[in-house]
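Each chain, letter by letter, is given below.
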Amino acid sequence: MPVDYHTHPLAHGEYAHSKEHLSLFFEQARKMGLKEIGLADHDRFREDFCFETIKEAARSFPDLQVKVGIEVDYIPGKIEKISQLVDEYPWDFVIGSVHFIDGWGFDNPDEIRGYEGKDPDELYSRYYDYLAEAIQSKLFDIIGHFDLIKIFNLRPKEDPVKLAQKALDAAFDAGVCVEINTAGRYKPVGEMYPEKRLLQACYERGVPITLSSDAHHPAHVGRDIDQAKALARRVGYHKAVRFSARQKDYLSFSA
Ligand SMILES: [Zn+2]
Ligand SMILES: [Zn+2]
């Protein structure tokens, strides 16, 4: 059943949706034993999405299910614009992510100075307020990298589960899925998103999960998905979600 529901063929605008480049993503997916790959390029590169080429490239990989989604920045006050973006194409799934706090790209190494003088607990609270708002908007199927705010390993004094409580409860209420995103292992924090205790809290609340690499390069497709699955199993999950036309379907880990 292995799936990877968060990959970026366009990366940060360095690449195009060419048949050659997309094929590299699909080849790696096949090599990693994935049955399904979800493309989820950032909405800021929406003009560069080429659905026809994706379909054409996918035809050469009949053994691989290719799902087309998008990763959308949740920005408070831009709900209408986000809503239009979500409605303008028949996406298989939509990932909602908080990458900005009041215009500051807190996960961007070029903006790391923004952390100076900030209280970690306040920062975490603000991040989770925005995340809860994103979830409550009900515009998204999956919440991207749930605890991204830990990226540079700045840890709060307060219990992270407590700080995230509102967002965790909102995820259950909205029926939103949380992803186990393995890319965090290669960031300064050195662990997956979300951390085990938060994942446990998701499980206890009945929040469904999916698995993802957040690959911005073909070589990273499917990276550590087996470890993500093992972590999911350790906290009690037996299945992951996949999407078609924004409808959930559960896949058993044993299948
Ligand atoms: Zn992201
Ligand atoms: Zn991403």
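Presented here is a report on the structure given in the accompanying data block.

Reading the values: the criteria
Residues numbered from 1 in each chain as written. Chains lettered and ligands numbered in written order. Predicted model: local features only at pLDDT ≥ 70, side-chain atom pairs only at ≥ 80, totals over all residues. Heavy atoms only, no water. Donors = N, O, S within 2.8 Å, 3.2 Å for Na, K, Ca; no water. Helix = DSSP H or I, 4+ residues; strand = E, 2+ residues; numbered from the N terminus. Buried < 20%, exposed > 50% of the residue type's maximum accessible area, 1.4 Å probe, protein only. Tetrahedral: all angles 85-135°; square planar, octahedral: opposite > 155°, others 65-115°. Pairing = 2+ DSSP bridges. Axes fitted to C-alpha atoms, helices over the stretch in contact; angles between N-to-C directions. Parallel < 35°, antiparallel > 145°, perpendicular 65-115°, else oblique. Contact = heavy atoms within 4.5 Å. Nonpolar A, V, L, I, M, F, W, Y, C, P; charged D, E, K, R; others polar. Phe/Tyr/Trp six-rings, centres within 6.5 Å; stacked < 30°, edge-to-face > 60°. Disulfide = S-S within 2.5 Å. Core = buried A, V, L, I, M, F, W, Y, C linked by side-chain atoms within 4.5 Å. Salt bridge = Lys/Arg side-chain N within 4 Å of Asp/Glu carboxyl O.

**Regarding the coordination of the zinc ion (ligand 1)**
Stage number 1. The zinc ion (ligand 1) binds to the protein through E71 (OE), H99 (NE2) and H145 (NE2); the donor distances cover 2.1 to 2.2 Å.
Stage number 2. Between the zinc ion (ligand 1) and the zinc ion (ligand 2), both coordinated by E71, there is a metal-metal distance of 3.3 Å. In this pair, E71 is assigned in strand β3 (residues 65-73) and H99 in the loop between β4 (93-97) and α4 (120-136), connecting sequence segments 28 residues apart.
Stage number 3. On the basis of relative accessible area, E71 is assigned to the buried category, the value being 1%.

**Observations regarding the coordination of the zinc ion (ligand 2)**
Stage number 1. At this site the zinc ion (ligand 2) is bound by H6 (NE2), H8 (NE2), E71 (OE) and D214 (OD), with donor distances of 2.0 to 2.2 Å.
Stage number 2. One can describe the donor arrangement at the zinc ion (ligand 2) as irregular, given that its four donor atoms subtend angles of 81 to 168° at the metal.

**Here's the deal with the sheet that holds β3**
The strands making up a sheet are joined through hydrogen bonds of the backbone, oriented either antiparallel or parallel.
Stage number 1. The parallel open sheet is built from seven strands, whose spatial order is β1-β2-β3-β4-β5-β6-β7. The open sheet has two free edges, formed respectively by β1 (3-7) and β7 (209-212), since each of these has just one partner strand.
Stage number 2. As paired strands, β4 and strand β5 (residues 142-143) are joined by two bridges and run parallel to one another. By the bridge assignment, I95 is partnered in β5 with I142.

**A look at the packing of α4 against helix α6 (residues 165-174)**
Stage number 1. At a minimum axis separation of 8 Å, α4 and α6 run at an interaxial angle of 5°. By the angle between their directions, the pair α4 and α6 is classed as roughly parallel. For the pair formed by α4 and α6, the contact residues are Y128, D129, L131, A132, I135 and Q136 on the first element and K166, A167, A170, A171 and A174 on the second.
Stage number 2. Partitioned by chemical class, the residues of the contact of α4 with α6 number eight nonpolar, one polar and two charged.

**Thoughts on the packing of aromatic side chains**
Stage number 1. Per the stated rule, a full pass over the model turns up 16 aromatic pairs.
Stage number 2. Between Y5 and F243, the aromatic rings sit 6.2 Å apart at their centres with planes inclined by 70°, giving edge-to-face as the arrangement. Note that Y5 is positioned in strand β1 and F243 in strand β8 (residues 239-244), a separation of 238 residues in sequence. Note on accessibility: Y5 and F243 belong to one class, buried.
Stage number 3. Here the aromatic cluster, defined as three or more aromatic residues joined through ring pairs, consists of W104, F106, Y115, Y124, Y127, Y128, F146 and F152.

**Let's talk about the pairing of strand β6 (residues 177-181)**
Stage number 1. Among the five residues that make up β6, five are buried, leaving the element largely enclosed by the rest of the structure.
Stage number 2. Every second residue of β6 is oriented toward a common face, with C177, E179 and N181 on one face and V178 and I180 on the other, all of them buried.
Stage number 3. Relative to β7, β6 runs parallel, the two being bridged by four bridges. Its bridge partner being in β7, I180 is matched across the sheet by L211.

**Here we look at the state of the cysteines**
Stage number 1. Using the criterion set out here, one finds zero disulfides in the structure.
Stage number 2. Of all cysteine sulfurs in the structure, the one in C202 sits closest to C177, which takes part in no disulfide; the separation is 9.5 Å.

**Digging into the nonpolar core**
Stage number 1. F26, Y128 and F146 are the most contacted members of the largest nonpolar core, which totals 88 residues.
Stage number 2. By residue number, the principal contributor to this core is α4, which donates nine residues.
Stage number 3. Those residues in contact with Y128 that lie beyond four places of it in its chain are F146, D147, I149, L163, A164, A167 and L198.

**Here we look at the pattern of salt bridges**
Stage number 1. This structure, assessed with the given rule, holds 21 salt bridges.
Stage number 2. Across the salt bridge formed by E36 and K67, the nearest N and O atoms sit 2.9 Å from each other. Of this pair, E36 sits in strand β2 (residues 36-42) while K67 sits in strand β3, and the two are 31 residues apart along the sequence.
Stage number 3. A residue is classified by how much of its surface remains accessible, and K67, at 5% relative accessible area, is buried.
Stage number 4. For R197, the salt bridge identified is with D159, shortest N-O distance 3.1 Å. Of this pair, R197 sits in helix α7 (residues 196-205) while D159 sits in the loop between β5 and α5 (160-163); the two residues are 38 residues apart in sequence, bridging distant segments of the chain.
Stage number 5. A relative accessible area of 45% means that R197 is categorised as partly exposed.
Stage number 6. Given the relative accessible area of 27%, D159 is considered partly exposed.
Stage number 7. Linked through salt bridges whose partners overlap, the residues forming this network are D147, K150, R155, E191 and E195.

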